[in-house]
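Here are the chains, one letter per residue:
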Amino acid sequence: MAKRFRELRERLLNAGVAPRHVRRYLTELHEHLADLTAEEMRAGRSSAEAEPIALERLGRMEDLARTMIARRELRSWTARAPWAVLGAGPVLAVVCGWGLALLILWTGWTWFLQGTPNPFGARLHGFSILYFGVGRMLYYGAPLAAGWGMVLLAGRQRVRTLWPVMAGGALVALMGATGAVDARPPTVPGRAGDVGIRFYPLPAQMGDAVAHALVLLALVVLPWLVWRWMALRGELERE
Amino acid sequence: MAPRETNPNFMNGVPELLILRLLEDGEMYGYEIVQAIRDRTDAVIAVGEGVVYPVLHALEHAGALKSRRKTVAGRSRIYYTVTKAGTRRLGDLAAQWTALTGAIQKTLAGSGAGGRYGEAVS
């Protein structure tokens, strides 16, 4: 029974039905089947007799899959526009993460390091260590978190095509490797300066940037490749 | 001349119409809905029981229904209720179906068979 529903789940996800609809559909079918079995047993049938009748009343798996797949509006955005969710999505996530990191840097500079020409290398005390630590974590972690989020979405939707995942992974890797925080000294004495992200590595740093991008790409894409390999192996074993 | 709406498929919209009408009386979960359809239509309309859920999901997606999960005696039930938009949709669907069935009945009654078909369907 569980195998039957597992196959239905895989078929629906592969067809692009949104994971939340698939999850709820399976819960509902499972409960409905239990109700039908109980109804047949109340009518005097044994458990062994009731279950196949209940399954027949529930509908053929083929029909259950087809009617759900036919509802185009229940498809996920990952299936409808993979380029947007898996390509633009992680880029937006990195931009948001870095925006927050910059906000933390700028406010920290204003509150804890007033008058210092540069927030980097200044001696920190107490709460400011934690405050700047969160910002630093966001800055370094955003590309990886965005990439893993993208891989998670692709995995949940059973995305099999390589290019959206590779493209999304390459974009965040490139951003992570070439984006550097830039702090400009204050123009008005006693005030904080400007902070931003610079995206073009200096020629001298090109080698490091490429290596950094490759490491990030590998870290982002590796979980997806492992999942694809395991899924493929499972399919071959079933065949 | 104004364009006329066509009826692409006679059974199109029937499950939606029945579900919306049933849920107008109160919240129900899938199994209850299927039983109610069978009871109220004297089993003339029998839907594949599992295929009622894609209709429910689609109606909810369209804003005609809303759902809530309730645990009853250890069982997870998803109850559906009609929204205001759903009530409006029910009104539209019911009007379409009343017009359509009226037209079919009129055609059968006046089919030149001495009212034989008209009697059969009335």
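Predicted, not measured: the structure shown is a model, and the values here were computed from it.

Negative phi characterises most residues that are not glycine, and trans characterises most peptide bonds. The phi torsion at Arg158 of chain A lies on the positive side, around 55°, for a residue other than glycine. Checked against the element boundaries, Arg158 of chain A lands in the loop between α7 (127-156) and α8 (162-178). Owing to 20 C-beta atoms within 10 Å, Arg158 of chain A belongs among the buried residues under this scheme. Of note, Ala73 of chain B is a non-glycine position whose phi angle comes to about 50°, a positive value. The exposure class assigned to Ala73 of chain B is exposed, which follows from the 5 C-beta atoms found within 10 Å.

Bringing the confidence of the model for chain A into the picture now. Detailed conclusions should not be drawn from predicted coordinates in areas where pLDDT is low. Of all residues in chain A, 97% attain a pLDDT of 70 or more, and the chain-wide mean is 88. Element-level mean pLDDT values for chain A span from 86 in strand β1 (residues 180-184) of chain A up to 94 in helix α2 (residues 19-42) of chain A.

Residue and element names in this part refer to chain B. Predicted confidence across chain B gives a mean pLDDT of 82, with 79% of residues reaching 70 or more. No element of chain B has a lower mean pLDDT than helix α5 (residues 116-121), at 50, and none a higher one than helix α3 (residues 52-61), at 95. On the interface metric, ipTM, the complex scores 0.79, and its pTM is 0.78.

A few words on the environment of Arg6 of chain A. Considering the arrangement of structural elements, one finds Arg6 of chain A in helix α1 (residues 2-14). Spatially, the C-alpha atom of Arg6 of chain A lies 55 Å from that of His125 of chain A, the residues being 119 residues apart in sequence.

Here we come to the interface of chain B and chain A. Across the contact, 15 residues belong to chain B and 20 residues belong to chain A. Breaking the side of chain B that touches chain A down by element, the ones donating at least two residues are α2 (30-40), α3 and β2 (75-82) of chain B. The leading source of residues in the side of chain B that touches chain A is α3 of chain B, at five residues. Residue composition of the side of chain B that touches chain A, by class: six nonpolar, six polar and three charged.

Conventions we followed
Residues numbered from 1 in each chain as written. Chains lettered and ligands numbered in written order. Predicted model: local features only at pLDDT ≥ 70, side-chain atom pairs only at ≥ 80, totals over all residues. Helix = DSSP H or I, 4+ residues; strand = E, 2+ residues; numbered from the N terminus. Buried ≥ 20, exposed ≤ 12 C-beta atoms within 10 Å, placed from the backbone. pLDDT = per-residue confidence, 0-100. Contact = placed C-beta atoms within 7 Å. Nonpolar A, V, L, I, M, F, W, Y, C, P; charged D, E, K, R; others polar.

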